[in-house]
Amino acid sequence: GVTLLLLETVMRVLDITQDMTTGQFCDAVIKPNTLKRRFTFLDLLTGDEGAPLMGDALLTKPLFFISHWWGYPVRVLLAMIREHENERAAAGEPPAGYFFDMFVLNQHQLTKNCTSDADKRRQLVDGLRFSLQACGTLLLCCMTGPTGAPGWKSPAPFARVWCLFEVFVAITEEVKVVVRLASKDMTEFRMAVLKEGDEVVDTALAVLDARDATA
């Protein structure tokens, strides 16, 4: 798993802009830097025997599986992870590792139609199941999605087929699911609850429908 230090270092060294999405980040940073050997980004940071080149400062056992929409600004997603780490630190918890798909998985293999046959599809689903079990917690990162609706009211992951599938697998495997709101969305959520009461949560949940999700 990747640490917050690794993520912040990559953002700082490469001067990633505020509006670059996670999908654009993958195309502009992850894929070009791993194209020559067509391996994962993690492989850049490990020795011949698979040991991290800098101990556990950059790579460590993942405790949290990040579920997110690839249309999020990558720096906003990083801010959510930073807030999560700050809360852990305040509780006396050590820095954690995160299963961040584009860093951990081989992006040269996850291409369109990569699950077109049963064996490849089974491998991907089994890999998801194993990764969730290994982490123990799915961190569902929620903020405003393509509809522009408030991130707490209509978060992007609830409108994405794969994110919903990740949540489904987590539940069936009895993996803990933690919903993380971006700071702006958390503020708006608290204001809505103070103004309208807990009913706003029931109303938001009532309109969620997996059949409307896209991919």
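See above for the structure.
Okay, so let's go over this structure.

As a further point, take the nonpolar core. Core analysis: the biggest nonpolar cluster contains 54 residues, and V2, F25, Y98, F100, F103 and L132 have the highest contact counts within it. Every residue in contact with F25, bar those within four places of it in the chain, is listed here: V10, M11, I16, M20, I30, V74, M102 and F103.

Taken together, the side chains of E196, D198, E199 and D202 define an acidic patch exposed on the protein surface. By secondary structure assignment, the location of E199 is in helix α8 (residues 199–206).

Let us now look at the sheet that holds strand β1 (residues 62–67). The strand order across the open sheet built from 4 strands is β2-β1-β3-β4, with neighbouring strands paired in parallel fashion. The open sheet has two edge strands, β2 (97–99) and β4 (176–181), and neither has a second partner. Strand-to-strand, the axes of this sheet are offset by a mean angle of 35°, without reference to chain direction. In this sheet, β2 lies alongside β1 in parallel orientation, the contact comprising 3 bridges. Among the inter-strand pairings, F64 is bridged to a residue of β2, identified as Y98. With respect to the sheet, helix α6 (residues 161–172) is in contact with β1, β3 (137–142) and β4, its orientation differing from that of β3 by roughly 150°.

Evaluation of the coordinates by the stated rule reveals 10 salt bridges. Close ionic contact of E8 with R82 constitutes a salt bridge, the shortest N to O distance being 2.6 Å. Note that E8 is positioned in helix α1 (residues 4–14) and R82 in helix α3 (residues 74–90), a separation of 74 residues in sequence. Of the charged contacts, one joins D119 and R122 as a salt bridge, the two residues approaching to 2.9 Å between their closest N and O atoms. Taken as a pair, D119 and R122 lie in helix α5 (residues 118–135) at a separation of 3 residues, close to a single helical turn. One network of salt bridges, in which partners are shared, links E83, E87 and R180.

The next point concerns the packing of helix α7 (residues 183–196) against α8. Across the interface, α7 lies against α8 with an axial gap of 8 Å and an inter-helix angle of 115°. In this structure, α7 uses F189, A192, V193 and E196 to contact α8, whose residues at the interface are E199, V200 and V201. Residue composition of the contact of α7 with α8, grouped by class: 5 nonpolar, no polar and 2 charged.

Attention now goes to α7. The end-to-end C-alpha distance of α7 is 20 Å, a good match for the 20 Å that 14 residues give at a rise of 1.5 Å each. The positive-phi residue at the C-terminal boundary of α7 is G197, with phi of around 90°.

To continue, consider the pairing of β1. Burial analysis of β1 places 5 of its 6 residues in the buried class, which makes it a mostly covered element. For the crossover from β1 across α3 to β2, the handedness is right-handed. In this structure, β1 lies alongside β3, joined through 3 bridges in parallel fashion. The residue bridging I66 from the neighbouring strand is L139, located in β3.

Across all of its chains, the model carries 9 aromatic pairs by this definition. A centroid spacing of 4.7 Å and a plane angle of 10° characterise the contact between F65 and F99, whose relative ring orientation is stacked. Of this pair, F65 sits in strand β1 while F99 sits in strand β2, placing them 34 residues apart in sequence. In this pair, the class of F65 matches that of F99, namely buried. Taken together, a centroid distance of 5.7 Å and an interplanar angle of 85° make the contact between W69 and Y72 edge-to-face. The pair formed by W69 and Y72 is uniform in burial state, with each residue classed as buried. These aromatic residues form a ring-pair network of at least three members: F25, F41, F100 and F103.

What counts as what
- Residues numbered from 1 in each chain as written.
- Predicted model: local features only at pLDDT ≥ 70, side-chain atom pairs only at ≥ 80, totals over all residues.
- Heavy atoms only, no water.
- Core = buried A, V, L, I, M, F, W, Y, C linked by side-chain atoms within 4.5 Å.
- Buried < 20%, exposed > 50% of the residue type's maximum accessible area, 1.4 Å probe, protein only.
- Contact = heavy atoms within 4.5 Å.
- Patch = residues over 30% accessible without salt bridge, like charges linked within 9 Å, V, L, I, M, F, W, Y side chains within 5 Å.
- Areas by Shrake-Rupley, 256 points an atom, 1.4 Å probe, with all protein chains shown as cover.
- Salt bridge = Lys/Arg side-chain N within 4 Å of Asp/Glu carboxyl O.
- Lys, Arg positive; Asp, Glu negative; His and termini not counted.
- Charge placed at Lys NZ, Arg CZ, Asp CG, Glu CD.
- Helix = DSSP H or I, 4+ residues; strand = E, 2+ residues; numbered from the N terminus.
- Pairing = 2+ DSSP bridges.
- Axes fitted to C-alpha atoms, helices over the stretch in contact; angles between N-to-C directions.
- Nonpolar A, V, L, I, M, F, W, Y, C, P; charged D, E, K, R; others polar.
- Expected span 1.5 Å × (residues − 1).
- Right-handed = clockwise from strand over helix to strand, strands pointing away.
- Phe/Tyr/Trp six-rings, centres within 6.5 Å; stacked < 30°, edge-to-face > 60°.

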